[in-house]
Amino acid sequence: MPAPRRSLLILGSVLTLALITLLSGPRRQPSANAPDALGGLLAIDDYSLGEILEGAGPAIERFPPGALPAAPQVAAQEPLPAPVEGSPVDFRHYPSPEEIRDFLQDLAAAHPDLVTVQTIGHSWQGRPIDAVRLTNARAPQPIADRPVILIDAQHHARELVSAQVALYNVWRLVDGYGKDPVATRILDTRVVHVIPSVNVDGNALVLADNQNNRKTLSPACCDDDGDGKVDEDPPLSYGYGTDSLSRYTFDQAWADAHPQDPFVDDWRGHVIGQPQALGRFTGALGGERRAIARVDADGDGRIQEDPLGGVDPNRNYDWFWEGGDARIGSDAFRGPAAWSEPEVRTLRDYVAELGTIAASVSYHSGTDLLLHPWAYSESDPLPDEGIYELLGAKGSQLTAVHGFPGTVRTWTARGLYVAMGSSMDYIYAKMGALAFAPETFGDSGITRIERLGATGTYTVGQATGFSFNPRPEGILPVADRWDRWARYLMAASPNIALNALRRDGDALLIAIGSEGVMPIRLRVTLTAADGRRLELAPEGDRVVHAEQLRWRVPLTALGAQGNRLEAEAILASGTRPHRVELARWSFDLDPAGPRLTVGGIEPFTDLSAHFGGWWAGPEWNDPRYRCSKEPCQPQILVTPPPLPTVAAEPTEAPALSPTASPTGAPELVLPLLRAP
Ligand SMILES: [Zn+2]
């Protein structure tokens with residue numbers, strides 16, 4: 001049977017519950033207390049692979065429909081925008097790598113001015129890794145000069161919903177262009193690069209056969225049986241939608257007090273003995289239930305002794321890589337060397353070309369946290385702690401929708417765990433971009449709880465996939481709450497616009513706005529055709545946040561033709577200050593005033609009103625929004641810098657008196673020119 005045989009070859013990997021223990025929320029997590037609940041199968045190991053794959057295996061438990069309570073679902077109060085049902089990606093199902101590809105290519109074909117799809121590398125198994133670039137190619141500023149926001153997702157195979165969030169970011173921007181002022185402004189002025197599924201092999205494997213796989217499909221493991229062949233007897237099928245079934249017995253008083261759901265509060269203290277494993281079966285997503293056995297794929301009489309290998313791609317970056325987990329079977333295996341994984345090298349090489357990268361978001365799932373650097377250290381100095389706190393606080397506020405609490409923001413090593421060689425640390429440390437890793441969703445994975453009569457014993461169904469991913473009907477609310485924050489971050493990225501250029505008596509008035517709230521240093525250079533140069537900067541070379549600056553320059557400093565104005569935004573990053581934007585204009589000086597020959601004048605665009613202001617209110621400074629572990633590590637409380645109010649600047653000179661300063665901000669008068 002060709003199909004099952006092929007399935008076998010790519011099946012499964014080492015089942016590790018330790019990570020679930022780490023990632024699941026504190027509310028309830030029976031798996032954490034069931035060290036071998038999934039290993040000690042009863043009764044079903046005797047069936048052949050054929051019987052099992054054909055669905056002829058035994059039904060080990062019978063649940064009449066509706067007999068058991070479903071796990072609680074968080075749903076949006078109102079219908080959320082989504083592509084038509086049946087689209088390859090519709091946010092109502094978890095798509096395959098091919099469906100994601102089709103979706104992106106359809107989007108590019110329908111919006112050629114906004115969307116470019118490119119294959120930027122290949123996985124271990126040769127699958128294409130795609131990146132989508134979103135920006136309005138018809139806007140005059142060269143694309144390479146625009147600020148960049150990078151989004152990636154699904155480093156970890158089983159974190160399916162992370163790819164959905166990234167794809168939702170893509171779809172909402174493109175669908176909103178021309179209708180939604182935020183999407184329109186972002187695509188006109190920034191470049192958003194999205195790699196929705198880094199671990200494409202893992203995506204395919206999780207959907208087909210093994211919902212628990214986390215790592216790449218690198219053939220790096222294991223020849224436990226010493227026959228010279230690796231990866232030949234993987235655990236059979238934790239296919240997506242697969243449950244494990246086990247029995248937990250609680251003391252009678254606890255069971256009577258919590259008849260519907262005993263997995264609350266300090267439930268572990270009330271469990272009697274060890275949970276009893278009943279077996280595994282499919283059907284968590286509906287469909288016919290059938291048991292799943294472990295199978296001796298290599299026919300050596302032993303089961304699952306030669307498991308799939310794989311490397312944790314989010315431990316494979318060259319940032320304290322050497323401190324990572326060197327055990328080849330570990331779910332967090334760092335790999336044989338930094339950059340050993342083609343998926344990771346693909347991202348590294350692509351990001352290295354981006355240049356003007358201001359912010360980076362790498363989506364994960366398994367819990368609900370907004371992570372920022374450092375992951376590798378709890379104590380090394382974090383140069384941009386203040387801005388991480390401010391942007392993160394807004395994330396806590398914006399994710400409090402659809403019944404979800406606002407997501408806790410935290411320094412990764414303090415609030416989650418120490419992780420070496422992560423993409424987030426690498427991009428922040430080496431590229432200087434402000435980098436975040438949102439953990440977008442986490443649950444216990446419990447699909448069903450059934451109390452046996454009035455006893456203290458409960459049958460518990462669990463699906464690993466549901467620890468990391470909402471049920472399909474829950475994709476949209478999760479994607480939407482993170483889209484709110486991602487769009488904020490895009491709008492917060494620096495963007496320079498020329499708000500005014502006009503004659504003011506015997507001077508030229510220049511007003512330049514930096515629209516995003518991320519901190520930049522602004523360098524403005526005015527060059528006359530004969531080479532005379534004037535460098536303009538805010539007083540004291542201070543850091544600029546979402547404001548407008550003005551200068552007055554004597555007309556005598558300029559030529560009649562071919563004057564050039566250039567503005568450069570340098571992200572004030574504590575790790576690597578770097579250019580995030582270059583804006584250029586040219587103008588002639590006619591008797592009536594300056595006339596632009598390159599570039600245009602735009603009103604200052606303040607997108608903050610769409611997010612309820614740039615900074616979150618003081619109620620979001622509560623410690624519970626800043627750390628997930630008790631006791632909290634000390635964190636600084638940040639007072640946001642005041643933002644200058646910027647009045648709309650007309651694009652035509654006559655609307656204002658020549659000397660008026662609508663912002664009340666002091667104008668810099670620059671009487672002297674340097675020699676060329
Ligand atoms: Zn992850």
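Residues numbered from 1 in each chain as written. Predicted model: local features only at pLDDT ≥ 70, side-chain atom pairs only at ≥ 80, totals over all residues.

Q: Is there a simple way to explain the overall build of the protein in this structure?
A: Scanning the protein from terminus to terminus reveals 14 helices and 21 strands. A burial count over the protein gives 51% of its 676 residues as buried. Taking as baseline every contact in the protein between residues at least 6 positions apart, the subset at least 24 positions apart corresponds to 76%. (Helix = DSSP H or I, 4+ residues; strand = E, 2+ residues; numbered from the N terminus. Buried ≥ 20, exposed ≤ 12 C-beta atoms within 10 Å, placed from the backbone. Contact = placed C-beta atoms within 7 Å.)

Q: Quick question: what am I supposed to make of the packing of helix H5 (residues 160–176) against helix H6 (residues 181–189) here?
A: Helix-helix packing: each pair is described by the crossing angle between the helix axes and the interaxial distance. Running from amino to carboxyl end, H5 crosses H6 at an angle of 95°, the nearest separation of the two axes being 8 Å. The angle between H5 and H6 falls in the class roughly perpendicular. Contact with H5, carried on its side by Arg172, Leu173 and Gly176, involves Ala183, Ile186 and Leu187 of H6 and no other residues of that element. Looking at the contact of H5 with H6, its residues break down into four nonpolar, one polar and one charged. (Axes fitted to C-alpha atoms, helices over the stretch in contact; angles between N-to-C directions. Parallel < 35°, antiparallel > 145°, perpendicular 65-115°, else oblique. Nonpolar A, V, L, I, M, F, W, Y, C, P; charged D, E, K, R; others polar.)

Q: Just checking my understanding: could you explain the sheet that holds strand S3 (residues 148–153) for this structure?
A: Sheet strands pair via backbone hydrogen bonds, and the direction of the pair is either parallel or antiparallel. Taken together, eight strands build an open sheet; the order of strands is S1-S2-S4-S3-S7-S10-S8-S9 and the sheet is mixed. With one partner strand each, in any of the chains shown, strand S1 (115–122) and strand S9 (408–411) form the two edges of the open sheet. Here the strands of the sheet are splayed against their neighbours by 20° on average, with no regard to which way each runs. Seen against the sheet, helix H4 (residues 97–110) touches S1 and strand S2 (128–134) and runs at an angle of roughly 145° to S1. (Pairing = 2+ DSSP bridges.)

Q: Would you take a moment to explain the nonpolar core for this structure?
A: Among soluble globular proteins, nonpolar side chains are generally buried collectively. With 142 residues, the main nonpolar core has Ala358, Ala433 and Leu489 as its most contacted residues. With twelve residues, the top contributor of residues to this core is helix H14 (residues 475–492). Both domains that furnish three or more residues to this core are identified here as domain 1 (97–206 + 314–321 + 338–448 + 473–492) and domain 2 (496–608 + 645–669). Setting aside residues up to four positions removed in sequence, Ala433 forms contacts with Leu150, Ile357, Ala358, Ala359, Ser360, Ile427 and Tyr428. Tyr248, Phe250, Ala255 and Tyr458 belong to the second largest nonpolar core, which has eight residues in total. (Core = buried A, V, L, I, M, F, W, Y, C linked by C-beta atoms within 7 Å. Domains from an automatic or database assignment.)

Q: Looking at this structure, how should I read the sheet that holds strand S15 (residues 520–527)?
A: The five strands are arranged S16-S15-S18-S19-S20 in an open sheet whose pairing can be described as antiparallel. Taken across any chain shown, the strands that pair with only one partner, and hence form the sheet edges, are strand S16 (533–536) and strand S20 (593–598). Pairs of neighbouring strands in the sheet enclose a mean axial angle of 25°, with direction left out of account. Where strand S19 (residues 578–590) lies against S20, five bridges are found, and the strand directions are antiparallel.

Q: Just checking my understanding: could you explain the confidence of the model for the protein for this structure?
A: Segments scoring low in pLDDT should not have their predicted coordinates read at a detailed level. Averaged over the protein, the pLDDT score is 82; the fraction of residues at 70 or greater is 80%. pLDDT under 50 marks residues 1–73. Its contacts with residues more than four places away, or in other chains, come to 142 contacts. Contacts for the low-pLDDT stretch residues 650–676, under 50 throughout, to residues beyond four places or in other chains number 43 contacts. (pLDDT = per-residue confidence, 0-100.)

Q: Quick question: what am I supposed to make of the pairing of strand S14 (residues 507–514) here?
A: Regular strands have side chains that alternate between both faces of the sheet. The buried fraction of S14 amounts to eight of the eight residues, a majority that puts the element mostly inside the structure. Burial along S14 is two-sided: Ala507, Leu509, Ala511 and Gly513 facing one way and Leu508, Ile510, Ile512 and Ser514 facing the other are all buried. Taken together, the eight bridges between strand S13 (residues 496–504) and S14 define a ladder with antiparallel strand orientation. By the bridge assignment for S14, Ala497 is matched with Gly513. The turn linking S13 back onto S14 is made up of two residues, and Gly505 within it adopts a positive phi angle of 65°. The pairing of S14 with strand S17 (residues 547–554) spans eight bridges and is antiparallel. Within the sheet, the bridge partner assigned to Ala511 lies in S17 and is Arg550.

Q: How should I be thinking about the pairing of S1 in this particular structure?
A: With seven bridges joining them, S1 and S2 adopt antiparallel strand pairing. Of the residues in S2, the one forming a bridge with Gly121 is Ile129.

Q: How should unusual backbone geometry be read in this particular structure?
A: Cis peptide bonds are those with omega within 30 degrees of zero, and the linkage from Pro373 to Trp374 qualifies with -5°. Positive phi outside glycine occurs at Asp265, with the angle close to 50°. Counting through the fold element by element, Asp265 comes out in the loop between helix H8 (252–257) and strand S6 (276–281). Backbone geometry places Ala546, a non-glycine residue, at a positive phi of 40°. On the secondary structure map, Ala546 appears in the loop between S16 and S17.

Q: What's the story with the environment of Arg348 in this structure? I'm lost.
A: Note that Arg348 resides in helix H9 (residues 342–352). A residue is classified by how many C-beta atoms lie within 10 Å of it, and Arg348, with 20 of them, is buried.

Q: Just to check I follow, could you spell out the environment of Leu371 for this structure?
A: Assignment of secondary structure puts Leu371 in strand S8 (residues 368–372). When the C-alpha atoms of Leu371 and Gly392 are compared, they prove to be 8.4 Å apart, with 21 residues separating the residues in sequence. Those residues in contact with Leu371 that sit more than four places away from it in its chain are Thr410, Thr412, Leu416, Met424, Phe436, Ala437, Pro438 and Glu439.

Q: Is there a simple way to explain the packing of H5 against H14 in this structure?
A: Their axes nearest at 9 Å, the elements H5 and H14 cross at an angle of 60°. Regarding the angle of H5 to H14, the classification is oblique. Classified by chirality, the crossing of H14 by H5 is right-handed. Contact residues: Val161, Gln164, Val165, Tyr168, Asn169 and Arg172 in H5; Ile475, Val478, Ala479, Asp480, Trp482, Asp483 and Ala486 in H14. Considering only residue class, the contact of H5 with H14 consists of eight nonpolar, two polar and three charged. (Left-handed = near helix turned anticlockwise from the far one by under 90°.)

Q: What is the right way to read H4 from this model?
A: Along an α-helix, a turn takes 3.6 residues, which lines up residues three or four apart on a common side. Over its 14 residues, H4 runs 20 Å from end to end, which matches the ideal 20 Å to within 8%, given 1.5 Å per residue. Listing the buried residues of H4 in full gives Pro97, Ile100, Arg101, Phe103, Leu104 and Leu107. Each buried residue of H4 lies within a common arc of 160° when the element is viewed along its axis, so the set occupies one face. Of the exposed residues in H4, those oriented more than 90 degrees away from the buried face are Ala109 and Ala110. On its buried side, H4 packs onto S1, S2, H5 and helix H7 (200–208). (Expected span 1.5 Å × (residues − 1). Arc of directions from axis to C-beta.)

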